[in-house]
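Here is what each chain is made of, one letter per residue.
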Amino acid sequence: MKKLSIYIHIPFCIRKCNYCDFLSFGVGDKCIEGIGVYRKRYIDALCAEIKSYKIVSEEYRIATIFIGGGTPSILMSGELSRIMVAVRETFRLDKDIEVTIETNPGTITEEKAREYIGCGINRISIGLQSANDEELAMLGRVHNYDQFLAAFNIAREAGFRNINIDIMAALPGQSVHSYLDTLEKVLKCRPEHISSYSLIVEEDTPLASNEALLALLPDEEEERKMYDATDKVLSLAGYQRYEISNYAKPGFECEHNKVYWTLGEYIGIGIGAASFFKGRRFSNTKDIRKYVQVFAEHGEYERIEEIRNIDEELTADRLMEEYMFLGLRMTEGVSAAQFNEHFGHSIYDIYGRVIEKYVKSGYLINDGGIIKLSKRGIDVSNRILADFLLD
Ligand code: SF4
């Protein structure tokens, strides 16, 4: 049986953060008043969409599940269990499946954490972003640092042995010192996994139009210092960087992310969720009303195509580009032999010139057919990866 991963999107948050352009709704936001009433119907629709895959379930075994958002931990008691029951009724799950839930402090309770464990969720990701309460307020986060600590302890005590903490660098007004303080506080919790991404100012977010905050963004040099510090501090503490922004204790890399990065097959459930399945890339409608309505009117299996948009039939060139982009972001790099196996072409026929150029200049390493970014290469990865675009 082939392996398949599942992403399940829960698009509800307590309130939108200032920098967020994800597909999520603040259930308390006035502008989308009433969206909260969709929660229960949305869960019904998710379960129906999961069951719509029954038709292909004989071919696949589920290796990883990622319940993301939004804020999945906003769901009420019993709702996540319903989703997991639908998955089990539809698919066969790997014995050592990784099932992750994304959560935010302030929305996790002991009862919910026990429910997660009880329904088979074995990895929890907690969005801290910063241990500095002023920075959290500036980001529009709904929680403070103490609430994060409480959430972390609840997760540990409930039995989670695989916890990720998300943090952010390059925040407006953030000094290197303040970022290091966040890193240290995170390390004290001894999570198994840490993700650190630099803040990106996305168009049409409140942050993008807040001149005062934009003026406080750290300059490139400060950002570089935070980036370098992350690697140093976390390596010393026993974490291995396995992707540009992701660090893990040995044996705790996020298997679900690695499926994306190695072009494994996955299906996305819920609004806006993307899939890469049977050589096609497609995504669901972003319209929650339509999504919920299709499943309410047509039952479990019918007319599911109404909610799906085929983005593209991927050409071999696009797949090879993605394979290189994603593979080179991982510290284990790209195996020439696996590339050949995957595409039926030698990697050197396709990328020989660009590989040679960057190996010579010291930005890439070719270690017996394993091609990866050097330390210098990681620092300028965007520039190098752009050279792997095929005309
Ligand atoms: S909690 Fe996450 S998904 Fe929700 S608004 Fe904030 S950044 Fe966006």
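1. Regarding the packing of helix α6 (residues 176-189) against helix α8 (residues 220-236)
Between two packed helices, both the angle of their axes relative to each other and the distance between the axes serve to describe the pair.
Here comes step 1: Direction vectors running N to C along α6 and α8 enclose 25°, while the axes themselves pass 10 Å from each other. Here α6 lies roughly parallel to α8, going by the angle between them. For the element pair α6 and α8, the recorded crossing hand is right-handed. Here Val-176, Tyr-179, Leu-180, Leu-183 and Leu-187 of α6 come into contact with α8, specifically with Glu-222, Lys-225, Met-226, Ala-229, Thr-230, Val-233 and Leu-234.
Here comes step 2: Residue classes in the contact of α6 with α8 are distributed as 9 nonpolar, 1 polar and 2 charged.

2. Regarding unusual backbone geometry
Here comes step 1: With an omega of 15°, the peptide bond between Gly-69 and Gly-70 qualifies as cis.
Here comes step 2: Its location among the elements puts Gly-70 in the loop between β4 (60-69) and α2 (79-90).
Here comes step 3: The backbone phi angle of Ala-170 is positive, close to 60°, even though this residue is not glycine.
Here comes step 4: Here Ala-170 lies in the loop between β7 (163-169) and α6.
Here comes step 5: In this model, Arg-190 sits at a positive phi of 55°, which is unusual for a non-glycine residue.

3. Considerations on the side chain of Lys-258
Here comes step 1: For Lys-258, the position within the fold is in helix α9 (residues 255-261).
Here comes step 2: On the basis of relative accessibility, which here comes to 17%, the residue Lys-258 falls in the buried class.

4. A short note on α8
Here comes step 1: With 17 residues, α8 should cover 24 Å at 1.5 Å per step; its first-to-last C-alpha distance of 24 Å lies within 8% of that length.
Here comes step 2: When α8 is considered as a whole, its buried residues turn out to be Met-226, Ala-229, Thr-230, Asp-231 and Leu-234.
Here comes step 3: On its buried face, α8 is in contact with β7, α6, β8 (193-198), β9 (240-243), β10 (246-248) and α14 (375-379).
Here comes step 4: Capping the start of α8, Asp-219 holds a side-chain oxygen 3.2 Å from the backbone nitrogen of Glu-221, two or three residues further along.
Here comes step 5: In the stretch just after α8, Gly-238 is the one whose phi turns positive, near 95°.

5. Digging into the layout of surface pockets
Here comes step 1: Computed from the structure, the second largest pocket encloses a volume of approximately 390 Å³.
Here comes step 2: At the level of secondary structure, the elements contributing two or more residues to the lining of the second largest pocket comprise β1 (2-10), β4, β5 (92-103) and α9.
Here comes step 3: Of the residues belonging to the lining of the second largest pocket, the class tally is 4 nonpolar, 4 polar and 9 charged.

6. Some words on the site of the ligand
Here comes step 1: Around the ligand sit Cys-13, Arg-15, Lys-16, Cys-17, Tyr-19, Cys-20, Phe-22, Ser-24, Gly-70, Thr-71, Asn-104 and Arg-141, and those are all the residues in its vicinity.
Here comes step 2: Here the residues of the shell around the ligand are counted per class, giving 5 nonpolar, 4 polar and 3 charged.

7. Considering the sheet that holds strand β15 (residues 334-335)
Here comes step 1: Ordered by their spatial adjacency, 3 strands build an open sheet running β15-β17-β16, and the pairing between neighbours is antiparallel. Strands with a single pairing partner mark the edges of an open sheet, and in this sheet they are β15 and β16 (364-367).
Here comes step 2: As defined by bridge partners, β15 adjoins strand β17 (residues 370-373) across 2 bridges and the pair is classed as antiparallel. Residue Val-334 lies in a different strand from β17, and its bridge partner there is Ile-371.

8. Some remarks on the pattern of salt bridges
Here comes step 1: On inspection of all chains with the given rule, the structure shows 21 salt bridges.
Here comes step 2: The partner of Arg-92 in a salt bridge is Glu-58, with the nearest N and O atoms 3.7 Å apart. Taken as a pair, Arg-92 in strand β5 and Glu-58 in the loop between α1 (38-51) and β4 lie far apart in primary sequence, 34 residues in all.
Here comes step 3: The class of Arg-92 is partly exposed, set by a relative accessible area of 46%.
Here comes step 4: Classification of Glu-58 as exposed rests on a relative accessible area of 59%.
Here comes step 5: Between Asp-94 and Arg-61 there is a salt bridge; the shortest N-O distance is 2.0 Å. One end of the pair, Asp-94, is in strand β5; the other, Arg-61, is in strand β4, and 33 residues separate them in sequence.
Here comes step 6: The exposure class of Arg-61 is partly exposed, given its relative accessible area of 26%.
Here comes step 7: Each of Lys-2, Glu-59 and Lys-278 takes part in salt bridges that share partners, so that together they form one network.

9. Notes on the pairing of β4
Here comes step 1: The element β4 is largely enclosed, with a buried count of 9 among its 10 residues.
Here comes step 2: Direction of pairing for β1 relative to β4: parallel, over a ladder of 9 bridges. Bridge assignment links Ser-5 to a residue of β4, and that residue is Thr-64.
Here comes step 3: In terms of strand pairing, β4 meets β5 through 6 bridges, oriented parallel. Bridge pairing in β5 links Ile-67 to Ile-101.
Here comes step 4: Read as a crossover between parallel neighbours, the route from β4 over α2 to β5 is right-handed.

10. What about the domain arrangement of the protein chain?
Size of an interface, as often reported, equals the accessible area lost when the parts are brought together.
Here comes step 1: Domains assigned within the protein chain are domain 1 (2-260) and domain 2 (316-386).
Here comes step 2: Its C-alpha centre places domain 1 at a distance of 29 Å from the equivalent point of domain 2.
Here comes step 3: In this assembly, 11 residues from domain 1 lie in contact with 9 residues from domain 2.
Here comes step 4: For the pair domain 1 and domain 2, the summed buried area comes to about 910 Å², and 48% of that belongs to carbon and sulfur atoms.

11. Points about the packing of aromatic side chains
Here comes step 1: Under the definition given, this model contains 16 aromatic pairs.
Here comes step 2: Relative to Tyr-42, the ring of Phe-12 lies with its centre 5.6 Å away and its plane at 85°, an arrangement referred to as edge-to-face. In this pair, Phe-12 is assigned in strand β2 (residues 12-13) and Tyr-42 in helix α1, connecting sequence segments 30 residues apart.
Here comes step 3: Among the residues examined, Tyr-42 registers a relative accessible area of 0% and is labelled buried.
Here comes step 4: Taken together, the aromatic side chains of Tyr-323, Phe-339, Phe-343, Tyr-351 and Phe-388 make up a single cluster linked through ring pairs.
Here comes step 5: Here the basic side chain of Arg-376 rests over the ring of Tyr-363, its NZ or CZ set 4.5 Å away from the ring centre.

The rules behind each value
- Residues numbered from 1 in each chain as written.
- Predicted model: local features only at pLDDT ≥ 70, side-chain atom pairs only at ≥ 80, totals over all residues.
- Heavy atoms only, no water.
- Axes fitted to C-alpha atoms, helices over the stretch in contact; angles between N-to-C directions.
- Helix = DSSP H or I, 4+ residues; strand = E, 2+ residues; numbered from the N terminus.
- Parallel < 35°, antiparallel > 145°, perpendicular 65-115°, else oblique.
- Left-handed = near helix turned anticlockwise from the far one by under 90°.
- Contact = heavy atoms within 4.5 Å.
- Nonpolar A, V, L, I, M, F, W, Y, C, P; charged D, E, K, R; others polar.
- Buried < 20%, exposed > 50% of the residue type's maximum accessible area, 1.4 Å probe, protein only.
- Expected span 1.5 Å × (residues − 1).
- Polar contact = N/O pair within 3.5 Å; in protein donor to acceptor, adjacent residues only side chain to side chain.
- 1 Å grid on protein atoms, 1.4 Å probe; cavity = no way out; pocket = protein on both sides within 12 Å on 5 of 7 lines; lining within 4 Å.
- Points joined across faces, edges and corners; volume = space filled by probe spheres on them.
- Near = heavy atom within 4 Å.
- Pairing = 2+ DSSP bridges.
- Salt bridge = Lys/Arg side-chain N within 4 Å of Asp/Glu carboxyl O.
- Right-handed = clockwise from strand over helix to strand, strands pointing away.
- Domains from an automatic or database assignment.
- Buried area = accessible area lost by both parts, 1.4 Å probe.
- Phe/Tyr/Trp six-rings, centres within 6.5 Å; stacked < 30°, edge-to-face > 60°.
- Lys NZ or Arg CZ within 6 Å of the ring centre and 35° of its normal.

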